[in-house]
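Architecture and fold: a report
Listed below are the residues making up each chain.
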Amino acid sequence: MQLRIFTEPQQGATYDTLLTVAKAAEDLGYDAFFRSDHYLHMGDADGLPGPTDAWITLAGLARETKRIRLGTLMTAATFRLPGVLAIQVAQVDAMSGGRVELGLGAGWYAEEHNAYGIPFPKEKFARLEEQLEIVTGLWDTPVGKTFDHAGTYYTLTDSPALPKPVQHPHPPVLVGGHGRTRTPALAARFADEFNTPFSTLDEAEREFGWVREAMRTAGRAEDSMVFSNALVACVGRTEAEVARRAAAIKREPDELRGNGLAGSPAEVVDKIGRFAELGSTRIYLQILDLSDLDHLELIASEVMPQVG
């Protein structure tokens, strides 16, 4: 089981804070540092000092880290034209020496679109499918050949399909969600990894099953897909420490035990093991208090060795 750090900077974080967390994650042996792609805070957080852009952040981290993988859960398809996104991700992949992964989703948070003048179309899912076709098509076009796409929402003509990413055939693509039919079909067609965010064990088992069914329908081998979960983390050596960390993110320990990875290291190891039994091989630990680096150290020292 690989453990990855997953942050939500729209809730309030500077680039320097993210750099500190990414470097700590790298030093402590985590597999990857991922971040959300949002421009507006959620809930009662103030979001200060304001949002940071996901791909600008990852470009900076690409030059200031050496080993850890970098990516998004999930880049919103509404934020960027697919040709521009293909260029951005390929460039950051080169800047990192081939350590980038692209999580791409339809986009859902209407308020952030309204706040920053970003169009929020009704037909988001169909646009996501077309974006996946274009981004992977541009990357997979041989050098010296051109790429064309005549779709409902995007048209590309005689694109040189450059630059190419460092990774071959291209950076891993992540698709995720809870849908019964369309999301599994997209994952079976385009994804290297399927991620189910904030699901219970029963929900994850059901959602993984839908993707496996879609893969069989598509004639794709099940072992060609990585299955993963994103879960909020709240780990403590004592119950008082768990309660303190839960209070810091304005959650309750019992709720976090049910919906995330919370409790003692032993409790968390046991629950990760149950996700592993479902076929999950990666856990994205949602870390909401970015000032608590001792939390990362505790998980790295007392959870990681037992599940890695």
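Structure: above.
Residues numbered from 1 in each chain as written. Predicted model: local features only at pLDDT ≥ 70, side-chain atom pairs only at ≥ 80, totals over all residues. Heavy atoms only, no water.

Within the largest apolar cluster, 76 residues are counted, with the highest numbers of intra-cluster contacts made by Leu3, Ile5, Tyr30, Phe33, Trp55 and Leu285. Ranked by the residues each element gives to this core, the list is headed by helix H5 (residues 124-140), at seven residues. Look past the residues within four positions of Leu285 in its chain and what remains in contact with it is Leu3, Arg4, Ile5, Phe6, Tyr30, Leu231, Ala233, Leu261 and Ile299. (Core = buried A, V, L, I, M, F, W, Y, C linked by side-chain atoms within 4.5 Å. Buried < 20%, exposed > 50% of the residue type's maximum accessible area, 1.4 Å probe, protein only. Helix = DSSP H or I, 4+ residues; strand = E, 2+ residues; numbered from the N terminus. Contact = heavy atoms within 4.5 Å.)

Glancing now at unusual backbone geometry. A cis amide bond, omega 10 degrees, links Leu48 with the succeeding residue Pro49. One can find Pro49 in the loop between strand S2 (32-35) and helix H2 (54-64). Pro163 follows Leu162 through a cis peptide bond whose omega is 0 degrees.

Moving on, we get to the packing of helix H1 (residues 15-28) against helix H11 (residues 293-302). Viewed as axis vectors pointing N to C, H1 and H11 meet at an angle of 20 degrees, and their least axial separation amounts to 10 Å. On the basis of their axis angle, the class for H1 and H11 is roughly parallel. When you trace H1 past H11, the crossing you get is right-handed. Across the interface between the two elements, Thr20, Val21, Ala24 and Leu28 of H1 pack against Leu293, Leu296, Glu297 and Ala300 of H11. Of the residues contributing to the contact of H1 with H11, the split by class is six nonpolar, one polar and one charged. (Axes fitted to C-alpha atoms, helices over the stretch in contact; angles between N-to-C directions. Parallel < 35°, antiparallel > 145°, perpendicular 65-115°, else oblique. Left-handed = near helix turned anticlockwise from the far one by under 90°. Nonpolar A, V, L, I, M, F, W, Y, C, P; charged D, E, K, R; others polar.)

Take the environment of Asp16 next. Considering the arrangement of structural elements, one finds Asp16 in helix H1. Through-space distance from the C-alpha of Asp16 to that of Asp254 is 33 Å; in sequence the pair is 238 residues apart.

Quick look at the packing of aromatic side chains now. In the structure shown here, the tally under the stated rule is six aromatic pairs. An angle of 75 degrees between the planes, with centres 5.0 Å apart, marks the rings of Phe34 and Tyr284 as edge-to-face. Separated by 250 residues along the polypeptide, Phe34 in strand S2 and Tyr284 in strand S12 (residues 280-287) bring together distant segments of the chain. By the burial criterion, Phe34 is buried, and Tyr284 matches it. (Phe/Tyr/Trp six-rings, centres within 6.5 Å; stacked < 30°, edge-to-face > 60°.)

Everything listed here is a matter of coordinates, which is why it stays silent on function.
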